[in-house]
Amino acid sequence: MPGSRFLRRSEVHANLSASTLSDLNLILLGPPGAGKGTQAERLQEDFDLAYIATGDILRKAVAEESDLGRKAKEYMDKGELVPDAIIIGVILECVRSEAARDGFLLDGYPRTVEQAEALDAALGRLERRLTAVLCISAPDDEVVRRLSGRRMCVESGHVYNLHTDPPKRDMVCDQDGSELVQRDDDREETVRRRLAVYHRQTAPLVRFYEERDLLRRFDGTRSPTEVHDHIRATIATLRLEDEL
Ligand SMILES: [Zn+2]
């Protein structure tokens, strides 16, 4: 897609003709099905950010048997939630890594105001601060429509969407001819339950970041490219304000 890619950091740097550019430290918020994953991929590429998805980094820390990974594993083995202090520690290891020099994109954390406060304090100790919290939203009915239209083939897990990417033949995989089924996770009642949990958890967090003027909202019902363009424009504005 020509023209849709954002300028690389070096080009942004040249364009702004500034001597320094601050790092870009972002949190991504949004319900399942609002297109968060797609935007996360594009942002990582645009700005060379370290992508910190808490589920993934915990699993990685456990696999690598780091100190924090070993501690996290003790809780996971007992089927208990890993305490915030350990999760924050794992996140900070990522934030301090070379990969996050230009910034990071945090997905799946914080989930509570308490965690947000702890993150704030921890970043402050590293002399880093959040640039913005990107909140991609979509009405529940739209999320339900999107997710409940997903079908997967039983043979190899090829994914279709009855609304946006339907198979050529009804309920049959184009690639291997196997049957298409709906996963339990994509059933309407399951999606509505996940959305209710999301809204309950996220509302206080949204207020927290709104009060700190860090929240920026994006309309997840727009096309992925439109959302991406809007996010890029917002980040460019934030950086200009930062320069002043
Ligand atoms: Zn298939």
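Residues numbered from 1 in each chain as written. Predicted model: local features only at pLDDT ≥ 70, side-chain atom pairs only at ≥ 80, totals over all residues. Heavy atoms only, no water.

Negative phi values dominate among residues other than glycine, just as trans dominates among peptide bonds. Of note, the bond from Tyr109 into Pro110 is cis; its omega dihedral lies within 30 degrees of zero at -5 degrees. For Pro110, the position within the fold is in the loop between strand E3 (103–107) and helix H6 (113–125). Non-glycine residue Glu127 carries a positive phi angle of around 55 degrees. Its identity as a non-glycine residue notwithstanding, Asp213 has a phi of 55 degrees, on the positive side. Here Asp213 is to be found in the loop between helix H8 (188–211) and strand E8 (215–219). Asp213 gets classed as exposed once you look at its relative accessible area, which sits at 54%. (Helix = DSSP H or I, 4+ residues; strand = E, 2+ residues; numbered from the N terminus. Buried < 20%, exposed > 50% of the residue type's maximum accessible area, 1.4 Å probe, protein only.)

Once that is clear, we can look at the sheet that holds strand E1 (residues 24–29). The sheet built from five strands is open, its strands ordered E2-E3-E1-E4-E8 with parallel pairing. A strand with exactly one partner marks an edge of an open sheet, and here the two such strands are strand E2 (50–53) and E8. Direction aside, neighbouring strands of the sheet carry axes that sit 20 degrees apart on average. Looking at chain direction, E2 and E3 are connected through four bridges and run parallel. (Pairing = 2+ DSSP bridges. Axes fitted to C-alpha atoms, helices over the stretch in contact; angles between N-to-C directions.)

Here the focus is the nonpolar core. Formed by 36 residues in total, the largest nonpolar core has its most connected members in Leu29, Ile91, Phe104 and Tyr209. Per element, the largest residue contribution to this core is seven residues, and it comes from helix H5 (residues 84–96). Beyond its immediate sequence surroundings of up to four residues, Leu29 is in contact with Lys36, Val133, Leu134, Cys135, Ile136, Tyr198, Thr202, Leu205, Val206 and Leu215. Ranked by size, the runner-up nonpolar core spans 23 residues in total, among them Leu28, Ala40, Ala138 and Val191. (Core = buried A, V, L, I, M, F, W, Y, C linked by side-chain atoms within 4.5 Å. Contact = heavy atoms within 4.5 Å.)

Right, let's get into the coordination of the zinc ion. Looking at the metal site, the zinc ion is ligated by Cys153 (SG), His158 (ND1), Cys173 (SG) and Asp176 (OD), spaced 2.1 to 2.3 Å from it. Note that the zinc ion binds four donor atoms; their angles at the metal cover 95 to 124 degrees, and the shape is tetrahedral. Read N to C, the donor residues that coordinate the zinc ion are spaced as C-x4-H-x14-C-x2-D. Here His158 is found in the loop between strand E5 (150–153) and strand E6 (159–161), whereas its partner Asp176 is found in the loop between E6 and strand E7 (180–181), with 18 residues between them in sequence. (Donors = N, O, S within 2.8 Å, 3.2 Å for Na, K, Ca; no water. Tetrahedral: all angles 85-135°; square planar, octahedral: opposite > 155°, others 65-115°.)

Below, the discussion takes up the pattern of salt bridges. Summed over the entire model, instances satisfying the criterion amount to 20 salt bridges. With its nearest N and O atoms 2.8 Å apart, the salt bridge here joins Glu210 to Arg217. A residue is classified by how much of its surface remains accessible, and Arg217, at 46% relative accessible area, is partly exposed. Here the salt bridges share partners, and the residues they tie into one network are Asp141, Glu188 and Arg192. (Salt bridge = Lys/Arg side-chain N within 4 Å of Asp/Glu carboxyl O.)

A few words now on the pairing of E3. The buried fraction of E3 is high, at five of five residues. Judged by which residues are buried, E3 turns out to be covered on both faces: Gly103, Leu105 and Asp107 on one side and Phe104 and Leu106 on the other are all buried. The sheet contact formed by E1 and E3 spans five bridges and is parallel. In the sheet register, Leu28 faces E3, and the bridge partner there is Asp107.

Residue position: Leu68 is located in helix H4 (residues 67–77). For the pair Leu68 and Arg151, spaced 83 residues apart in sequence, the C-alpha to C-alpha distance is 38 Å. Setting aside chain neighbours within four positions, we find Leu68 in contact with Ile86, Gly89, Val90 and Glu93.

With that settled, consider the packing of aromatic side chains. Evaluated as defined, the whole model comprises one aromatic pair. Judged by centre distance (5.1 Å) and plane angle (80 degrees), the ring pair of Phe208 and Tyr209 falls under edge-to-face. Residue Phe208 shares its accessibility class with Tyr209, and that shared class is buried. The side chain of Lys78 reaches across the aromatic face of Tyr75, ending 5.4 Å from its centre. (Phe/Tyr/Trp six-rings, centres within 6.5 Å; stacked < 30°, edge-to-face > 60°. Lys NZ or Arg CZ within 6 Å of the ring centre and 35° of its normal.)

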